Amino acid sequence: MCQRYYSTPLSMEKTLRIRTKAHTTTTAKQANSRESNVRHDGGGGGGRGGCREEVWTETTEAEEPLSPFGRAYHTASLNTCILVIFGFATSLDIGFLKERMEKTLIRHPRLRSKPVLDTKDGEKERWVLMNTFNLDDHVIVPVLPDLDPDMEKPDKFIEDYASDLSSTPVDLSKPLWEFHVLNVKTSNAESVGIFKIHHSLGDGMSLVSLTLAASRKSSKPEELPSIPTSMKPVSKSGKRSLYMYLVAIWLMLQLIWNTFVGITHLLATSLFLRDTNTLIDSKKVNVHSKKKIVHRLISLDDIKLVKNEASTTVNDVVVGLTSAALSCYLRTTSHDEGSISTETDYSKKKICLRATVAVNAREAVGIKDLADMMDKGSKCKWGNVTGCIVIPLHVAMEKDPLEYVRKAKLVMDKKKLSLDAKVCYYMILFGRKLLGLKLGTQLMYAVASNATVMFSNVVGPAEEIDFCGHRVAYITPTARTAQGHAPGVVIHFMSYMNKMSVAVCANQDMLPEPHKLLDEVEGSLREMKKVVLERKLNRKGLD
C-alpha cells in the first residue's frame, strides 16, 4: 500500500519546471539524454491505485555566479557553516531517509552544485552543477567506538559531536552540505540528525523554505507545513482624514530618523564603537580555541503568556530573556581582573552590551514557498539577502523581570519602524564594488567582532511535521564562523509546535560553562511567568 506522503512536494515540482525552462539551448544528444525531470507512474489507476512515484533524471543547468554575500562567506574571517539539529520522535531509517531525500531535498539544484572559487583569466566565482551526484557522500552515518544507543550521557554526546562537526572545514570538492545520522536516544528525542550546510548556500529564510519543502504535516501527510504569520489589519475605508495624513507624515519622519540613527550606530560599530569589557569579550580569548554548542528546550506557551501580559511580541520576549540571562550570568559568574563583574560594578557603571541581528532585506517578508524563491523574477529570491542591525541589550539588576521585556520592546519598536536592514544590505553591496571584496568583508567582520552577541529568532512550524518521512520532535539551528571570535556568543531561538529551542555557541575559554547561560534563560522565563501569574491572581482578587 502506497502512502500519500511519498509524493514530491508541489513546490519542488514547480521549482523543477522553472529550472527546466532555462535549459532550452542544448544539443540534440543532450535533449535526448534527459527526456523529463519527473515521470509519474500509475496515473489515475493501475496497480498503484493512483499513487505517484517519481523517478529523477539528472539535468544540466547553466552555471550561476556566486553572489557577493556567498563570496564573503568563503573568506577567512566570515567562513561560516550552519548546523540544524533535528530531534526525531522515532529512530532514523537510513534507507528510507535517503529515498525521501532523493525525491525531495536534493532536487534543489544548489544542493547538487559545488563552488568554483579559484578562478583564472577573469572568470567569475560560480556554482557548477555536478555531473554525478552520490548521496552517500552527504548522508553520514558515523562509526565511533563510543556511539552506543544506550549511553549514559547522550545529550552531552550530541553536544560534543555538534561542536566537533562545526569546527570541521566544509569539503569544497563536493556540494556544501551533509546530513549526519545519530541513532542515539536523548532526553528529548529517539534519534538525532544534524544538517550541516555552508552559509554561502543561503540565509535563514532560504534554508527554512528548503526544509519545509522536504517536510509534510504529520496530521495531513499530503500537505506542506505552514509558518504562522501576523497580518496587520488593512483599512477598507477609501476616505482619508487630515488626522490620518498627519499620522502618516509623523510616521515617515520617525522612519527617516530611526534609519539615520541605526545606520550611524552601525557605522560607528564597524569603525570604533566597542562593548564594555566583560567576561564574554571575545577579544580576550585565543581565536583558535574550541567552540562549544549547547541547546535546550523551553516552553513557547510560557513565552506567549509573558507576551500577552506585556502586550508585546514573542521576539520582544526572547530579546528580553537574552538580556535577563546575560545580566544574571555576568553577575553570578567568577570574573577576570578588569572586567565588569560584581553587583557593585553594576550599580557604578552602565554596561554597553550589544547584539548583531541578521534581518531579511527582501521586499517580501516572512517564510515563502521554495518555488517562489527559485523563480528568477521573484521579489523573494533564494540566497543570502540579509542586512545587519545592532541592538543594545539591557544588562542591569532589575527587581521586576518584566522590565527586561519592556526595554526590549522599546528598542525593537524603533527597529521595526526603520529601514536599517535594507540600507545596510545595499551599503554592503556598494562597499564591495567600491572597496573590493576584502575591505568590504572586513567591514562586515568588524561589526560582528565589536559587538558581544549575535542573536537570531526563527519562526518554525506551529504543527507537528515529518522531515523526509520521519516525525520531528524539535528543531535547533545554530551557526559558527571559522574565525575564533566574531562574535563572542551566538544565541539562536527557534519555535516549533509548543516548544522554543535555545542554542548557544561560544568559545570555551570565554564561556567555560555554557549550560549555566541556558540555566539563566530558563530561570529568567520562570521568574517572568511567576510575576505574570501573581498579577493575574491579584487582578482576580480585586474583582
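Preceding this section is the structure that the text describes.
No experiment lies behind these values; they were computed from the predicted model shown. (Residues numbered from 1 in each chain as written. Predicted model: local features only at pLDDT ≥ 70, side-chain atom pairs only at ≥ 80, totals over all residues. Heavy atoms only, no water.)

Enquirer: Provide a residue-level description of unusual backbone geometry, including the pertinent values.
Expert: The phi angle at Ser311 is positive, at roughly 55°, despite the residue not being glycine. Along the chain, the position of Ser311 falls in the loop between helix 8 (300–310) and helix 9 (314–332). Relative accessible area serves as the criterion here: at 56%, Ser311 is assigned to the exposed category. Positive phi is not limited to glycine here, since Cys468 has a value of about 50°. Tracing the sequence through the fold places Cys468 in the loop between strand 15 (465–467) and strand 16 (470–481). (Helix = DSSP H or I, 4+ residues; strand = E, 2+ residues; numbered from the N terminus. Buried < 20%, exposed > 50% of the residue type's maximum accessible area, 1.4 Å probe, protein only.)

Enquirer: So what's going on with the pattern of salt bridges? Which residues, and what values?
Expert: As enumerated under the stated definition, the model contains 23 salt bridges in all. Here Glu178 and Lys174 are joined by a salt bridge, their closest N and O atoms 3.6 Å apart. Here Lys407 and Glu403 are joined by a salt bridge, their closest N and O atoms 4.0 Å apart. Highlighted residues: Lys407 and Glu403, both in helix 12 (residues 402–416), separated by four residues, approximately one helical turn. (Salt bridge = Lys/Arg side-chain N within 4 Å of Asp/Glu carboxyl O.)

Enquirer: Would you mind going over the sheet that holds strand 7 (residues 139–140) in detail, with residue names and values included?
Expert: Taken in spatial order, the seven strands of this open sheet run 7-8-9-4-16-15-10, and their pairing is mixed. Two strands lie at the open edges of the sheet, namely strand 7 and strand 10 (215–217), each paired on one side alone. With three bridges connecting them, strand 10 and strand 15 associate as antiparallel partners. Residue pairing across strands places Arg216 opposite Asp466, the latter belonging to strand 15. Along the sheet, helix 4 (residues 94–103) contacts strand 7, strand 8 (177–182) and strand 16; its crossing angle with strand 8, the most-contacted strand, is approximately 155°. Sheet strands touched by helix 6 (residues 204–213): strand 4 (80–88), strand 9 (191–198), strand 10 and strand 15. Its angle to strand 10, the strand with the most contacts, is close to 65°. (Pairing = 2+ DSSP bridges. Contact = heavy atoms within 4.5 Å. Axes fitted to C-alpha atoms, helices over the stretch in contact; angles between N-to-C directions.)

Enquirer: An account of the packing of helix 7 (residues 242–271) against helix 13 (residues 420–435) is requested, with residue identities and associated values reported.
Expert: Packing of helix 7 against helix 13 brings their axes to within 9 Å, and their N-to-C directions diverge by 50°. Classified by the angle between their axes, helix 7 and helix 13 sit oblique to one another. Considering the relative orientation of helix 7 and helix 13, their crossing is right-handed. Together, Asn258, Thr259, Gly262, Ile263, Leu266 and Leu267 of helix 7 and Asp420, Val423, Cys424 and Met427 of helix 13 make up the contact between the two elements. Residue classes in the contact of helix 7 with helix 13 are distributed as six nonpolar, three polar and one charged. (Parallel < 35°, antiparallel > 145°, perpendicular 65-115°, else oblique. Left-handed = near helix turned anticlockwise from the far one by under 90°. Nonpolar A, V, L, I, M, F, W, Y, C, P; charged D, E, K, R; others polar.)

Enquirer: How would you sum up the sheet that holds strand 17 (residues 489–496)? Please name residues and give values.
Expert: The six strands are arranged 11-18-17-14-12-13 in an open sheet whose pairing can be described as mixed. Edge positions in the sheet fall to strand 11 (291–299) and strand 13 (386–393), since each has one partner strand and no second. Strand-to-strand twist of the sheet, defined as the mean angle between neighbouring strand axes without regard to direction, takes the value 20°. Most of the contacts of helix 13 go to strand 13, to which it runs at about 130°, and overall it touches strand 12 (353–360) and strand 13.

Enquirer: Any details on the nonpolar core? Residues and values, ideally.
Expert: Ranked by internal contacts, the top residues of the largest apolar core, which has 49 residues, are Ile280, Ile303, Val504 and Leu517. Among the elements that take part in this core, helix 9 stands out by supplying nine residues, more than any other. Within the second largest apolar cluster, 36 residues are counted, among which are Leu97, Ile106, Val170 and Ala479. (Core = buried A, V, L, I, M, F, W, Y, C linked by side-chain atoms within 4.5 Å.)

Enquirer: Could you give an account of the packing of helix 9 against helix 12, with specific residues and numbers?
Expert: It is at 8 Å that the axes of helix 9 and helix 12 come closest, and there the two elements cross at 130°. Classified by the interaxial angle, the pair formed by helix 9 and helix 12 is oblique. Crossing geometry of helix 9 relative to helix 12 is assigned as right-handed. Counting all contacts with helix 9, which are made through Asn315, Asp316, Val317, Val319, Gly320, Ser323, Ala324 and Ser327, the residues of helix 12 involved are Tyr404, Val405, Ala408, Lys409, Met412 and Lys416. Taken together, the residues that form the contact of helix 9 with helix 12 break down as seven nonpolar, four polar and three charged.

Enquirer: Mind laying out a nonpolar patch on the surface, listing which residues take part and the relevant values?
Expert: A surface patch of nonpolar side chains, amounting to about 1,100 Å² of accessible area, comprises Leu242, Tyr243, Met244, Tyr245, Leu246, Val247, Ile249, Trp250, Leu251 and Leu253. The topology assignment puts Leu246 in helix 7. (Patch = residues over 30% accessible without salt bridge, like charges linked within 9 Å, V, L, I, M, F, W, Y side chains within 5 Å. Areas by Shrake-Rupley, 256 points an atom, 1.4 Å probe, with all protein chains shown as cover.)

Enquirer: A description of the side chain of Thr452 should follow, citing residues and the corresponding values.
Expert: Residue placement: Thr452 occurs in the loop between helix 14 (437–450) and strand 14 (453–458). Residue classification places Thr452 among the buried residues on the basis of a relative accessible area of 6%. A distance of 2.6 Å separates the side chain of Thr452 from the side chain of Asp275, its partner in a polar contact. (Polar contact = N/O pair within 3.5 Å; in protein donor to acceptor, adjacent residues only side chain to side chain.)

Enquirer: So what's going on with the packing of aromatic side chains? Residues and values would help.
Expert: As enumerated under the stated definition, the model contains 12 aromatic pairs in all. The interplanar angle of 10° and the centroid separation of 4.7 Å between the aromatic rings of Phe86 and Phe467 together place this pair among those described as stacked. Of this pair, Phe86 sits in strand 4 while Phe467 sits in strand 15; the two residues are 381 residues apart in sequence, bridging distant segments of the chain. Between Phe179 and Phe195 the ring centres are 6.2 Å apart and the planes differ by 55°, which places this aromatic pair in the tilted class. With Phe179 in strand 8 and Phe195 in strand 9, the pair connects residues that are 16 residues apart, well separated along the chain. With relative accessibility at 0%, the residue Phe179 sits in the buried group. Among the aromatic residues, those joined into a ring-pair cluster are Phe86, Phe88, Phe133, Trp177, Phe179, Phe195 and Phe467. The positively charged end of Lys516 is found above the aromatic ring belonging to Tyr329, 5.9 Å away from the centroid. (Phe/Tyr/Trp six-rings, centres within 6.5 Å; stacked < 30°, edge-to-face > 60°. Lys NZ or Arg CZ within 6 Å of the ring centre and 35° of its normal.)

Enquirer: With reference to specific residues and values, describe the pairing of strand 12.
Expert: Inspection of the sheet shows strand 12 paired to strand 13 by eight bridges, in the antiparallel sense. Looking at the pairing, Thr356 lines up with Val390 of strand 13. Pairing geometry for strand 12 and strand 14, over three bridges, is parallel. Counterpart to Thr356 in the pairing with strand 14 is Met454.

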